[in-house]
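An overview of the molecular structure
Listed below are the residues making up each chain.
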2 protein chains.
Amino acid sequence: MEPLTADLFAPQCLSAETPFRIGDKWGGMVVVCLKDGPRRFSELRVPLRTVSPKVLAATLKALERDGMITRKTYDENPPRVEYALTDLGRTLFEPMDRCREWAEKYLPSLLKARQAYDRAD
Amino acid sequence: MEPLTADLFAPQCLSAETPFRIGDKWGGMVVVCLKDGPRRFSELRVPLRTVSPKVLAATLKALERDGMITRKTYDENPPRVEYALTDLGRTLFEPMDRCREWAEKYLPSLLKARQAYDRAD
DNA sequence: CTGCATCCTGTTGGATACTG
DNA sequence: CAGTATCCAACAGGATGCAG
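Residues numbered from 1 in each chain as written. Chains lettered and ligands numbered in written order. Predicted model: local features only at pLDDT ≥ 70, side-chain atom pairs only at ≥ 80, totals over all residues. Heavy atoms only, no water.

The name that an unreviewed UniProt entry assigns to chain A is Helix-turn-helix domain-containing protein, with the source organism given as Amycolatopsis heterodermiae.

In structure tokens, the structure reads:
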């Protein structure tokens, strides 16, 4: 399994402009990060560079609460915790992919309309 | 064209629990309300009973800015304004339908997981 | 390493009254 | 009728320090 890279959600990636949101601000991105297999807390912090530990923990807890991911702690020192998608969590990919496809097709039109609107003021 | 009913988004409708959101809080619901044709400001307030005029106006302005709807004013007295979906706005239905289908299939599982999690605490 | 406690900020959304 | 103006509450999200 490839390590997650820091530029997976680069700022110039327009995903922040899409009208679709999954769960809270970071929920959809966490789900994508878990696509290939379980990840540790600190592993997730690499692609999600700007998320604070508090907010990441809250995001993971909300996803666990809704049955989308599992949280497995290993009784080691230093401690290790791994998060993994459940079968239910994997069902999110289908609608998420449709949203991503929409964005690839139509986000440029949205941004063009927005710029035209802003210029008109 | 049928009038919009007040129970279109009834509170017991679980749409509030879906993890998918389109635009701001009311954006997706406005798009659904415009599916069958143009609607007036006050017509939209019927199904969206609890939205304040300020927030509805902001929602409509954001949708217009992004090219999803058009705003047409008629120079009458009393004034009349009609909102209608654009072709771009209609492209939202495809991903939105996939999200709705997800919710119909899997929202019960999500809610069951949530209840189990909350009981475990 | 994981993630909780605390505090703080900005944004979103709502209540109410009022205007062209 | 179709909003705007004003004020306010709630919450999401962020910074920082610390604990197991």
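1. Some words on unusual backbone geometry
The omega torsion of the bond from Asn77 of chain A to Pro78 of chain A falls at 5°, within 30 degrees of zero and hence cis. By secondary structure assignment, the location of Pro78 of chain A is in the loop between β3 (69-74) and β4 (80-85). (Helix = DSSP H or I, 4+ residues; strand = E, 2+ residues; numbered from the N terminus.)

2. Thoughts on the sheet that holds strand β2 (residues 39-40) of chain A
All names here are of chain A. The strand order β2-β4-β3 describes an open sheet built from 3 strands, whose pairing is antiparallel. Of all the strands in the sheet, the pair left with one neighbour each is β2 and β3. As defined by bridge partners, β2 adjoins β4 across 2 bridges and the pair is classed as antiparallel. Bridge pairing links Arg39 to Tyr83 in β4. (Pairing = 2+ DSSP bridges.)

3. Overview of the sheet that holds strand β2 (residues 39-40) of chain B
Residue and element names in this part refer to chain B. With respect to topology, 3 strands assemble into an open sheet ordered β2-β4-β3, the strand pairing being antiparallel. Bordering the open sheet on either side are β2 and β3 (69-74), each of which pairs with just one other strand. Relative to strand β4 (residues 80-85), β3 runs antiparallel, the two being bridged by 6 bridges. Paired with Lys72 across the two strands is Glu82, which belongs to β4.

4. What about the protein's contact with DNA strand D?
The environment of DNA strand D is formed by 20 residues, the closest being Lys54 of chain A together with Arg40, Ser42, Arg71 and Tyr83 of chain B. Expressed as a percentage, the sugar and phosphate content of the atoms of DNA strand D within 4 Å of the protein is 61%. In the model, a phosphate oxygen of DNA strand D is placed 2.4 Å from a nitrogen or oxygen of the Arg71 of chain B side chain. In this structure, a phosphate oxygen belonging to DNA strand D sits 2.6 Å away from a side-chain N or O atom of Tyr83 of chain B. (Near = heavy atom within 4 Å. Polar contact = N/O pair within 3.5 Å; in protein donor to acceptor, adjacent residues only side chain to side chain.)

5. So, the interface of chain A and chain B
Opposite the 26 residues of chain A that make contact, chain B presents 26 residues. On the chain A side of the contact with chain B, Arg65, Trp102 and Tyr117 of chain A bury the most area, a combined 24% of that side's loss. A salt bridge links Arg114 of chain B to Asp66 of chain A, with the shortest nitrogen-to-oxygen separation between them at 2.7 Å. At the boundary of chain A with chain B, the tally comes to 11 residue pairs in polar contact (both at pLDDT 80 or more). Within the residue set of the side of chain A that touches chain B, elements represented by two or more residues are β1 (20-22), α3 (53-65) and α5 (93-120) of chain A. Residue contributions to the side of chain A that touches chain B peak at 12 residues, all from α5 of chain A. Taken together, the residues of the side of chain A that touches chain B break down into 14 nonpolar, 4 polar and 8 charged. Both β1 of chain A and strand β1 (residues 20-22) of chain B contribute to a ladder of 3 bridges, which runs antiparallel. Note that in β1 of chain B the partner of Ile22 of chain A across the bridge is Phe20 of chain B. (Contact = heavy atoms within 4.5 Å. Buried area = accessible area lost by both parts, 1.4 Å probe. Salt bridge = Lys/Arg side-chain N within 4 Å of Asp/Glu carboxyl O. Nonpolar A, V, L, I, M, F, W, Y, C, P; charged D, E, K, R; others polar.)

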